[in-house]
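Structure at a glance
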Amino acid sequence: MKIKDHDFKPFITAEQIRQAVQTVAGRINADYKKKEPLFIPVLNGSFIFAGDLLRQINGSCQVSFVKASSYNGMASSGQLKTLIGIEESLFNRDIIIVEDIVDTGLTLQRMLDELGSLGARSVEVATLLRKRTAREKGIQVKYVGLELEDEFVVGYGLDYEGLGRNLTDLYKAHPRA
Ligand code: 5GP
């Protein structure tokens, strides 16, 4: 399949994703039984994961989206372009940041730094996908759906140059010849 100038091949099916989401939700349901977490999904990439995950959460909870982005094309630029959102007070709240994918962890680190000063009782991270870089760096992510190497993926909310977010399966970029 081609998106703009690049070839992508099938990688992870919608069914595999569904199972991974269910597993993450099950763990969160067990851990937050007597709590009322505030989910903070990071737009744009996590909108589909957040939608599917939240529908599997069975206790009382709130959701507040933020927007952050450090990507330009296929390589992490390391610069967070925007961080907007959160109207709720985070004081004494149990926060769960919802990410589509953690790669270098820079976006997440920046989020954690910003949230750290706002008095939350606890802050954990749920991500659908985690790349090898993040594992090697030892970035703390409590809930991980699927582990990847360092392939670039599109679909299920993740884009390549703004396209492909609507794909229900995940595709990975063919290395350039
Ligand atoms: P990090 O700051 O961890 O390097 O990157 C985090 C953000 O970069 C993710 O939330 C996501 O938007 C984007 N990103 C990282 N890896 C990929 C990838 O393989 N595909 C796509 N489409 N976006 C990615």
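A brief look at the structure comes next.

How each quantity is defined
- Residues numbered from 1 in each chain as written.
- Predicted model: local features only at pLDDT ≥ 70, side-chain atom pairs only at ≥ 80, totals over all residues.
- Heavy atoms only, no water.
- Buried < 20%, exposed > 50% of the residue type's maximum accessible area, 1.4 Å probe, protein only.
- Helix = DSSP H or I, 4+ residues; strand = E, 2+ residues; numbered from the N terminus.
- Arc of directions from axis to C-beta.
- Contact = heavy atoms within 4.5 Å.
- Phe/Tyr/Trp six-rings, centres within 6.5 Å; stacked < 30°, edge-to-face > 60°.
- Lys NZ or Arg CZ within 6 Å of the ring centre and 35° of its normal.

**Notes on helix α3 (residues 106–116)**
- For α3, the set of buried residues is Thr-107, Leu-108, Met-111 and Leu-115. Down the axis of α3, the smallest arc covering the buried residues is 95 degrees, so these residues share one side.
- Contacts made by the buried residues of α3 are with β3 (38–43), β5 (66–67), β9 (94–102) and β10 (122–130).

**Let's talk about the environment of Ala-30**
- The topology assignment puts Ala-30 in helix α1 (residues 14–31).
- Measuring from C-alpha to C-alpha, the distance between Ala-30 and Asn-58 comes to 9.9 Å, with 28 residues separating the pair along the chain.

**Points about the packing of aromatic side chains**
- A full pass over the atoms with the stated rule returns two aromatic pairs.
- Consider the rings of Phe-8 and Tyr-160, whose centres lie 5.6 Å apart with planes at 55 degrees: the pair is tilted. Of this pair, Phe-8 sits in strand β2 (residues 6–12) while Tyr-160 sits in the loop between β12 (153–154) and β13 (170–173), and the two are 152 residues apart along the sequence. Considered together, Phe-8 and Tyr-160 belong to a single accessibility category, that of buried residues.
- Ring centres 6.1 Å apart and planes at 75 degrees place the aromatic pair Phe-152 and Tyr-160 in the edge-to-face group.
- Under the relative-accessibility criterion, Phe-152 is labelled buried at 12%.
- Using a relative accessible area of 3% as the deciding quantity, one classes Tyr-160 as buried.
- Each member of the aromatic cluster is reached from another via a ring pair, and the members are Phe-8, Phe-152 and Tyr-160.
- Above the face of the Tyr-32 ring, Lys-35 is positioned so that its terminal group lies 5.5 Å from the ring centre.

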